[in-house]
Structure formats: structure tokens, C-alpha cells
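Now for the letters of each chain:
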Amino acid sequence: MSSTATAAPKRVLLAAPRGYCAGVDRAVETVERALDLHGAPVYVRKEIVHNKHVVEELTKRGAIFVEQETEVPEGEMVVFSAHGVAPAVHENAAARRLRTIDATCPLVTKVHVEARRFAEDGYTIVMIGHEGHEEVEGTTGEAPDSIVLVQTVEEVAELEVPDSERLAFITQTTLSVDETAEIIAALRAKFPAIVSPKSDDICYATTNRQIAVKQLARECDLVLVIGSTNSSNSNRLVEVAREHGADSYLIDNHLQVDEAWLEGIETVGITSGASAPEELVERLVAFFRERGADDISELRTVDEDVRFMLPGEIREELAASGA
Ligand code: SF4
């Protein structure tokens, strides 16, 4: 990174939709409300959403982030993150008499429910997702003996299952829509009887942000994606932008813009992952404005109006407190 500002795109194009999805909005507000209602500390298992800035801001307000529920002192309050948890986590929390608030995104819960139902009906479940991702760990925990993880088309070729007539698939919510379609096509070709959930598991926010970034990439030389390195949907946006003709980089904030990326760039596109706050986008736009960008506009592809209610535990407390 250089401090001598020279290269300066004149045009900035913002993807719409971008940034916070309904599940992230709900999860962040859950921790904020829990802090308002109970005061610090409020423990949070894992990053509430995969964004460094969000975690830092909530930490300043008194949230304590832990890796496991077993690190939370007995009897204290703990919030479970938007990515969901395995049933064993609830059991551990109950054993420690923790007061729990579950901020799992309802669209992740939907996949958990599918996993349970397929398993109860005797299906082997192929989960398409990324190994080690918290959401995959949580969903797999619903039926660990029935779920097998697949990450690529190549892995489908090697996949062996006990009964190809009793086979289902589910997916992580934040995957690449196009790559996942290829994996599903490979599964259907190899196992024609495989069944799927009634509706897609890749969520509306992931899908819409990928549609928007495809359009953006066609109009820009460079696409900057604001998001943290552990954010699955943000990483997918970089990949999709590159596949559609633009250079693209993932950055936490404007301080990570590399001067070399801007050489010869006429139009820079900006988007943000589903866990990235809009204020980081605003700062990046201000960064380009200060350098002479004078044509700043939005490229709207899809309208979104999804909202989720806060978790029941918080709603009950708010009602009781008269807030
Ligand atoms: S990205 Fe999708 S599944 Fe994940 S929190 Fe947002 S809406 Fe829910």
C-alpha cells in the first residue's frame, strides 16, 4: 500500500443490492439488544457474523467472543451466531446452565430442518459446502452419521453411497450459485434418484449479491469487495467478479486499497458481502471522491425487502421491559 495518491478512477459504480442481509442485521441487533437489556458482558459463541469491524465494535460495547460454549462461565448469557450451531452445542449450554439466545439465521435453520427430516426418513444426505465452515459444522451436527460433505464436481465422481435410491442433497447458504449448479448437475447425472429440498438452500442474499456483481463486473475494470477473509459469501463475490471480466480484490476497508490496482482504471465497482456494514462502503466511496472521482452512481439489479423478527428470547424480554 502506498500513501502517495496518484491513480484515480473518475467513475465509481456501486452494486445494489450489497452489504447486510436480513440474517446479519438480525444477529447484530440481537447482540446490541442483549447488551442494552443486560449490560456487559454478553458472551457470543464465534464471530456473530464474519466481519472484523462488526466484532470489534461489539467488543467495545462489552460483548465477549469465545470459540466454544464451554468457555462461557456457568449461568452467564451467550448468543449463538448467525451461522447456526449443532444440537450438541445446545446440550453443552444447558449443562452449564447458560442463558442462551439463538441468533441463527432462519434460512440456516431451514437447512437444519431439512437435514433432520431427510435423516429421519433414512436418507444419506450429501451436503455441498466448505469443510470447516461453521455453518457446515452446525448443519452436519444435526445428523452426523447421515451426512457426507462434497466440495467439488471431482468429489462427486469419487462419491460412494450406501443406497443411491435413498439419497438427498442440501447446501450451505453462501455458495457460488453457478459452481453449486455444476455440482448438483453432477450429482443428478450420477444418482438420478437423488432428491432435493423444496426450495434452494443458497439464500436470497447470496444469490442477489452474485447477480449484482456479475452485472457490475461487466461495466468495471476493477471490482472491490468489502468483506472479511473468513466471509464465505464475500469471497464468492470476488470469484464471480473475476469470472465476469473484472480484476477483483477482497478488502476489509479503504485502508487496504493498493495503489497498483488503480493504475489505468476508469471505472471502479464496489460491493460488499452480506456481513459488511454500509459505513465501510461509504468510507471507500469518500476515499475515491477525495481523489477526484466525480461520477458516483448505483447499479441496481434486484430489489430486496426481506426482514426477520428478532429471536423470541429477545422479543419476550423487550415486551416485558416495555421497550
Ligand atoms: S447470508 Fe443468507 S443465510 Fe447467511 S445470514 Fe444472510 S440471509 Fe441468512
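Residues numbered from 1 in each chain as written. Predicted model: local features only at pLDDT ≥ 70, side-chain atom pairs only at ≥ 80, totals over all residues. Heavy atoms only, no water.

Asker: Help me out: how do you make sense of the overall build of the protein chain in this one?
Answerer: A count of helices and strands for the protein chain gives twelve helices and twelve strands. At 21 Å, the protein chain has a C-alpha radius of gyration in line with the 20 Å of a compact globule built from 323 residues. Taking the principal axes of its C-alpha atoms as reference, the protein chain extends roughly 60 × 55 × 30 Å. For the protein chain, restricting intrachain contacts to residue pairs at least 6 apart in sequence, the fraction spanning at least 24 positions comes to 76%. Entry remark: accessible area of the protein chain is about 14,500 Å², with carbon and sulfur atoms responsible for 47%. Separation between the mean location of the 31 positive side-chain charges and that of the 57 negative ones in the protein chain comes to 4 Å. (Helix = DSSP H or I, 4+ residues; strand = E, 2+ residues; numbered from the N terminus. Rg over C-alpha atoms; globule rule 2.2 N^0.38 Å. Contact = heavy atoms within 4.5 Å. Areas by Shrake-Rupley, 256 points an atom, 1.4 Å probe, with all protein chains shown as cover. Lys, Arg positive; Asp, Glu negative; His and termini not counted. Charge placed at Lys NZ, Arg CZ, Asp CG, Glu CD.)

Asker: What's the story with the nonpolar core in this structure? I'm lost.
Answerer: Across soluble globular proteins, nonpolar side chains have a tendency to be buried as a group. Formed by 25 residues in total, the largest nonpolar core has its most connected members in V31, I48, V49 and V79. In terms of residue count, the dominant contributor to this core is helix α1 (residues 22–38) (six residues). If near-sequence neighbours (up to four positions away) are discounted, V79 is found in contact with T30, V31, V42, Y43, V44, R45, I48, I101 and A103. Judged by nonpolar contacts, the second largest core, of 21 residues, contains V257, W261, V281 and V285. (Core = buried A, V, L, I, M, F, W, Y, C linked by side-chain atoms within 4.5 Å. Buried < 20%, exposed > 50% of the residue type's maximum accessible area, 1.4 Å probe, protein only.)

Asker: Would you take a moment to explain the site of the ligand for this structure?
Answerer: Around the ligand lies a shell formed by C21, G23, V24, C105, L107, V108, T173, T174, C203, Y204 and A274. Those elements that provide at least two residues to the shell around the ligand are α1 and α4 (106–120). Residues belonging to the shell around the ligand are distributed by class as follows: eight nonpolar, three polar and no charged. (Near = heavy atom within 4 Å. Nonpolar A, V, L, I, M, F, W, Y, C, P; charged D, E, K, R; others polar.)

Asker: Sorry, what's going on with the pattern of salt bridges here?
Answerer: Close approach of charged atoms allows side chains with opposite charge to pair. Considering all chains together, one arrives at 22 salt bridges under this definition. Here R116 ties to E142 by a salt bridge, and the two come within 3.0 Å at their closest N and O atoms. Of this pair, R116 sits in helix α4 while E142 sits in the loop between α5 (134–140) and β7 (147–150), placing them 26 residues apart in sequence. What makes R116 partly exposed here is its relative accessible area of 33%. What emerges from the salt-bridge pattern is a single network uniting R18, E278, E298, R300 and D303. (Salt bridge = Lys/Arg side-chain N within 4 Å of Asp/Glu carboxyl O.)

Asker: When you look at the sheet that holds strand β10 (residues 247–251) in this model, what are you seeing that I'm missing?
Answerer: The pairing of strands in a sheet happens through backbone hydrogen bonds and is either parallel or antiparallel. In space, the five strands of this open sheet follow the order β10-β9-β11-β1-β12, with parallel pairing throughout. In the strand order of this sheet, the two ends are held by β10 and β12 (295–300), each with one partner. This sheet shows a mean twist of 25 degrees between the axes of neighbouring strands, independent of strand direction. One ladder, built from six bridges, connects strand β1 (residues 11–16) with β12; its direction is parallel. Within β12, the residue paired with V12 across the bridge is I296. Across the sheet, helix α8 (residues 204–219) lies against β1, β9 (222–226), β11 (267–272) and β12, angled at about 160 degrees from β1, the strand it touches most. (Pairing = 2+ DSSP bridges. Axes fitted to C-alpha atoms, helices over the stretch in contact; angles between N-to-C directions.)

Asker: Whenever I open this one, the environment of E243 confuses me. Can you help?
Answerer: Tracing the backbone through its elements, the reader meets E243 in helix α9 (residues 232–243). By relative accessible area, which is 48% here, E243 ends up partly exposed. Residues E243 and L149 lie 94 residues apart in sequence; the distance between their C-alpha atoms is 25 Å.

Asker: How should I be thinking about the pairing of strand β8 (residues 167–171) in this particular structure?
Answerer: Counting buried residues along β8, five of its five residues qualify, which places the element largely inside the surrounding structure. By the alternation rule, side chains of β8 split into L167, F169 and T171 and A168 and I170, which are all buried. Of the pairings in the sheet, the one linking strand β6 (residues 124–128) to β8 comprises five bridges and is parallel in character. Counterpart to I125 in the pairing with β8 is A168.

Asker: What is the right way to read unusual backbone geometry from this model?
Answerer: A cis geometry characterises the amide bond from A16 onward to P17, with omega recorded as 5 degrees. Cis rather than trans, the peptide bond between A40 and P41 has omega equal to 0 degrees. Tracing the chain through its elements places P41 in the loop between α1 and β2 (42–45). Here the phi dihedral of K46 falls at roughly 65 degrees; this positive angle occurs in a residue that is not glycine. Turning to its location among the elements, K46 is positioned in the loop between β2 and α2 (52–61). Positive phi, normally seen in glycine, also occurs at R97, with a value near 55 degrees.

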